[in-house]
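Given next are the chains, with one letter for each unit.
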Amino acid sequence: MRGRDPDSGEFLSPSRSEQRRAALDVLELGGKLAALSDAQLSKLPIPESLMPHIIETRRITSHIAHKRQLQFLAKQMRREDEETLDAIRDALDEKGEAARKEVAAMHRVEAWRERLLDDGDDALAAFIDEYPSADRQHLRQLVRNAAEEKKRNKPPRAFREIFQVVRDAMQDSGGADDADDAAIDEQE
């Protein structure tokens, strides 16, 4: 029974519905943790006491046994401080942000590739101005090869290689990407 404070009339503890919502939230968090890879888990602030339970949950593949193990993982997680669980949630949200930035960077690379293929030397000059670490001759040759491949209906090997070269050049410069990320953040 929850009980009420005799002086103020307020409830002394959360309702059963609130407790159930909190438990289901932790169960969902446990499911997300069990779905992550080892590399992703290592980047999260997960207490050492929870790691064996997460690994065991990932190991079990039988549906009912996995569900039961996931519930046990959630029980162990509920024993942790709320600050610990909030830190894990925040780190997972950053992963969402990182994935969004990664997709935006990929779209920028694709836009440059299309621009290089459509505009030719003008786009190449603009790209070299913005990313001086790129190899002008190699890019020009790849653009010519991609056009030839398209004309002859050959597999798009040079088309794919342009993407890789542009992505590497953009990663090497780094500073322009940070400015693009700031512009994306301002739009939201």
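Residues numbered from 1 in each chain as written. Predicted model: local features only at pLDDT ≥ 70, side-chain atom pairs only at ≥ 80, totals over all residues. Heavy atoms only, no water.

(A) View of the packing of helix H6 (residues 121-130) against helix H7 (residues 136-152). Where H6 contacts H7, the two axes come as close as 11 Å, and the packing angle between them is 150 degrees. The chirality of how H6 crosses H7 is right-handed. Facing H6, whose interface residues are Asp121, Leu124, Ala125, Phe127 and Ile128, H7 presents Arg136, Leu139 and Arg140. The residue makeup of the contact of H6 with H7, split by class, is 5 nonpolar, no polar and 3 charged. (Axes fitted to C-alpha atoms, helices over the stretch in contact; angles between N-to-C directions. Helix = DSSP H or I, 4+ residues; strand = E, 2+ residues; numbered from the N terminus. Left-handed = near helix turned anticlockwise from the far one by under 90°. Contact = heavy atoms within 4.5 Å. Nonpolar A, V, L, I, M, F, W, Y, C, P; charged D, E, K, R; others polar.)

(B) Structural view of the confidence of the model for the protein chain. Looking at the protein chain as a whole, its pLDDT mean stands at 86, while 89% of the residues score no less than 70. Here helix H9 (residues 175-187) stands out as the element of the protein chain with the lowest mean pLDDT, 45, in contrast to helix H4 (residues 63-78), whose mean of 95 is the highest. Long-range and interchain partners of residues 176-188, a stretch whose pLDDT sits below 50, account for 17 contacts in this model, where long-range means more than four residues apart. (pLDDT = per-residue confidence, 0-100.)

(C) Molecular detail of the pattern of salt bridges. For the structure on display, the rule yields 11 salt bridges. For the salt bridge of Asp38 with Arg58, the shortest nitrogen-to-oxygen distance reads 2.6 Å. Separated by 20 residues along the polypeptide, Asp38 in helix H2 (residues 38-42) and Arg58 in helix H3 (residues 51-59) bring together distant segments of the chain. Arg58 gets classed as partly exposed once you look at its relative accessible area, which sits at 28%. One connected set of salt bridges, linked through shared partners, spans Asp25, Glu82, Asp86 and Arg89. (Salt bridge = Lys/Arg side-chain N within 4 Å of Asp/Glu carboxyl O. Buried < 20%, exposed > 50% of the residue type's maximum accessible area, 1.4 Å probe, protein only.)

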